[in-house]
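So the chains spell out like this:
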Amino acid sequence: MTKIVVLAKLVPDLVEELEIAPDGKALDMMWLRLLINEFDNHAIEQAVLLKEAVGGEVTIISPDAEGVDDMLFTTAAKGADKLIKLVGDFEDMPNNHALASAFAKVAKEEQPDLILTGVQANNDLDGAIGPLVAKELDMPYVGYISGVTLEEGGVIARKEYPGGLIGEMEVKLPAVLGIQASEEPPRYVAISKVRQMMKSAAIDEHDVPELADTGGLPVNRMYLPEAAERAEMIEGDEDEIAAKLVELFQEIGVM
Amino acid sequence: MTKDIYVLIEHVQGKVADISYIMLAAARELAEGTGGEVVGILLGHEAQGLAETLAADKVLYGDHPALAEFTPDAYQKVLEKLIPEKEPRAVLFGSTTIGADVVGTLSSQLDIPLVDSCVSVSADSNVISQICGGKIMVESALEGTTSFIAMIPGHYKVESGQSDAGPEVTPIELPALDDLRVTLRQYIEPEIGDVDITQEDVLIGVGRGIQTEDNIEWIEELADLLGAEICASRPIVDQGWLPTSRMVGKSGQSVKPKLYLSLGISGAPEHVEGMAGSEMVIAVNMDPDAPIFDVAKYGVEFDLFDLIDPLMDKIEETS
């Protein structure tokens, strides 16, 4: 039976306004809304697709965060078999080196054939999770994957290059793959099905004792992009804006 | 530790990737501060000629059949030996399908700190990177040890990292490259789409903000009026609403139209990478903080669904 582990984390929702913490060196987590890293969502979908194709067991591992239980139950509704929550000092969002070593310890216990995770996340300041976990577990890593086929002893992973080129990589198992996109868009599950899972599925909690804050460079400051670099904004109602846009189109000779 | 700045040169199918030149330009700026040299690391097979255009002081060249095209395992084996031997001040990798496959692993293995999504560096060893899709900038400082910097395009020009001078090329000794866990079976060339968006003068780029597949038809009407073609950011293609041949960005096409009208695209770095070369970008987005407004010459903070019809009317009226 193929054992697939997916590492998924919640990240800042970029639709919300982001603020810098008072010390000027971190995101202000106070009002931050979190949602699943979209690439992790694709990794979950890819894992469920593989399970549907060849059988197997899918385990999702996530660090604790506001809303993570709902996220985990949603993955169960999609087809995940085991849900694991890392419990510890995750409030300030540890760096990925620390998170990766926590992920690796728990993932190892599952003895996975294949570990999938999003190729990147919007808060990866010290690199993506996948390669860091791969090193901890001495597994090979390949990222930017948008298709996975299981074969005897390995997988064929389709790796994306610029311009639409694909590299078919033969990867020996066990391995870690960084998923760019699942073969099908991540499925939608009805809230009623998620609620059902809240009653029937269980979340295993694993304590993570300590998170070292090394692996990145020391941050001097965080700041919002400077306004000087911004576009000249066109103001007005829809007709005024339309008129100005047409003027611009004519100016540059495309109309 | 030396004062030299190293750059992992990326190449695919016999062509040096633009990010390599961008990194060389950044490395030059750092090296001016440290007083060291800019050194390219070129791994390939019968690929020494690729060094010719690199604006590096010297190039360390590793030749082996297993290095003919990039695979993470083989690159990692070479670099985990080379980097501790040479002790550079910093090593620049692309935050790309090549660099990102090895930089994290090497950081963890060699215990070298890593900063990702770096846009620019400065001679005083400060490193500016982005997180949150470009909505937050981060300034970090190089530490007293070797550091890894994973770069994204946006600040440096490709030409700044190119040179006709031809750097001195020195072969390096390679570790055994057998027992590789990852090998390249073959490349699959992209399907030719119905249009080649890299050749179009006017492009309308659509993103998540268009909300539904049906709305693409609506935007197509606008495109017809403008003589434009439609292209898209990644989420639209992942949803299957437009074919891959229309995707602009890191894994898609790089476009340079006269006009890029961006509708409902937030402007994540992966997308911007493919369209920053446009002569003029006009962006419509509801979110005043959308990073696309950093790339656009003109911006419209407006509900695009209220704007399309009046815009089409105005175009018809005028032409």
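Note that the structure is a prediction, hence the values are computed from the model and not measured.

The periodicity of an α-helix, 3.6 residues per turn, causes residues three or four places apart in sequence to face the same way. Over its 14 residues, helix α6 (residues 238-251) of chain A extends 20 Å from the first C-alpha to the last, a length consistent with the 20 Å expected when each residue adds 1.5 Å. Of all the positions in α6(A), only A:I241, A:A242, A:L245, A:V246, A:L248 and A:F249 are classed as buried. With its buried residues spanning 160° around the axis, α6(A) presents them on a single face. Residues of α6(A) that are exposed and angled more than 90 degrees away from the buried face: A:D239 and A:E251. Tucked into the core, α6(A) has its buried residues touching α4 (214-226), β15 (259-263), β16 (280-284), β17 (298-300) and α8 (304-318) of chain B. In this structure A:D237 caps α6(A), since a side-chain oxygen of it lies 3.1 Å from the backbone nitrogen of A:D239. Of the residues one or two after α6(A), A:G253 is the one with positive phi, at around 75°.

Pairing within the open sheet is mixed, and its 10 strands lie in the order β12(A)-β9(B)-β8(B)-β7(B)-β10(B)-β6(B)-β1(B)-β4(B)-β5(B)-β11(B). Lying at the two open borders of the sheet, with one neighbouring strand each, are β12 (219-223) of chain A together with β11 (168-171) of chain B. Direction aside, neighbouring strands of the sheet carry axes that sit 35° apart on average. Note that strand β6 (residues 90-94) of chain B and strand β10 (residues 147-151) of chain B share five bridges and pair parallel. Across the sheet, the residue bridging to B:V91 is B:F148, located in β10(B). Together, β1 (5-8), β4 (38-44), β6, β7 (114-121) and β10 of chain B form the strand contacts of helix α1 (residues 18-34) of chain B, whose direction differs from that of β1(B) by roughly 175°.

Here we take up the nonpolar core. By size, the foremost hydrophobic cluster in this structure holds 67 residues, and its most contacted members are A:V6, A:I60, A:L116, A:V171, A:L177, B:F93 and B:F148. Look past the residues within four positions of A:L177 in its chain and what remains in contact with it is A:L114, A:I115, A:L116, A:T117, A:Y141, A:V142, A:I145, A:V148, A:V155, A:A157 and A:V171. One finds B:I9, B:A27, B:A47 and B:L92 within the second-largest nonpolar core, a separate group that totals 45 residues.

Taken together, the contact pairs 81 residues of chain A with 88 residues of chain B. For the interface between chain A and chain B, the tally reads eight salt bridges. A salt bridge links A:R221 to B:E139; the nearest nitrogen and oxygen atoms lie 3.2 Å apart. Counting every contact that joins chain A to chain B gives 37 residue pairs in polar contact (both at pLDDT 80 or more). Every element with two or more residues in the side of chain A that touches chain B is listed here: α1 (38-54), α4 (129-136), β7 (141-151), β8 (154-160), β9 (166-172), β12, β13 (232-233) and α6 of chain A. Broken down by element, the side of chain A that touches chain B gets its largest block of residues, 10 residues, from α6(A). Classifying every residue of the side of chain A that touches chain B gives 43 nonpolar, 17 polar and 21 charged. The pairing of β9(A) with strand β12 (residues 182-188) of chain B spans six bridges and is antiparallel.

The next subject is the domain arrangement of chain B. Residues and elements named next belong to chain B. Here chain B is described as being made up of domain 1 (5-171) and domain 2 (197-318). Each of domain 1 and domain 2 has a C-alpha centre, and these two points are 32 Å apart. Counting residues at the interface gives eight residues for domain 1, matched by 10 residues for domain 2. Taken together, the two surfaces of domain 1 and domain 2 that pack against each other cover about 540 Å², and 61% of this comes from carbon and sulfur. Three residues stand out in domain 1 for area buried against domain 2, namely G133, K135 and P153, and they jointly supply 61% of the buried area on that side.

Rules used throughout
Residues numbered from 1 in each chain as written. Chains lettered and ligands numbered in written order. Predicted model: local features only at pLDDT ≥ 70, side-chain atom pairs only at ≥ 80, totals over all residues. Heavy atoms only, no water. Helix = DSSP H or I, 4+ residues; strand = E, 2+ residues; numbered from the N terminus. Expected span 1.5 Å × (residues − 1). Buried < 20%, exposed > 50% of the residue type's maximum accessible area, 1.4 Å probe, protein only. Arc of directions from axis to C-beta. Contact = heavy atoms within 4.5 Å. Polar contact = N/O pair within 3.5 Å; in protein donor to acceptor, adjacent residues only side chain to side chain. Pairing = 2+ DSSP bridges. Axes fitted to C-alpha atoms, helices over the stretch in contact; angles between N-to-C directions. Core = buried A, V, L, I, M, F, W, Y, C linked by side-chain atoms within 4.5 Å. Salt bridge = Lys/Arg side-chain N within 4 Å of Asp/Glu carboxyl O. Nonpolar A, V, L, I, M, F, W, Y, C, P; charged D, E, K, R; others polar. Domains from an automatic or database assignment. Buried area = accessible area lost by both parts, 1.4 Å probe.

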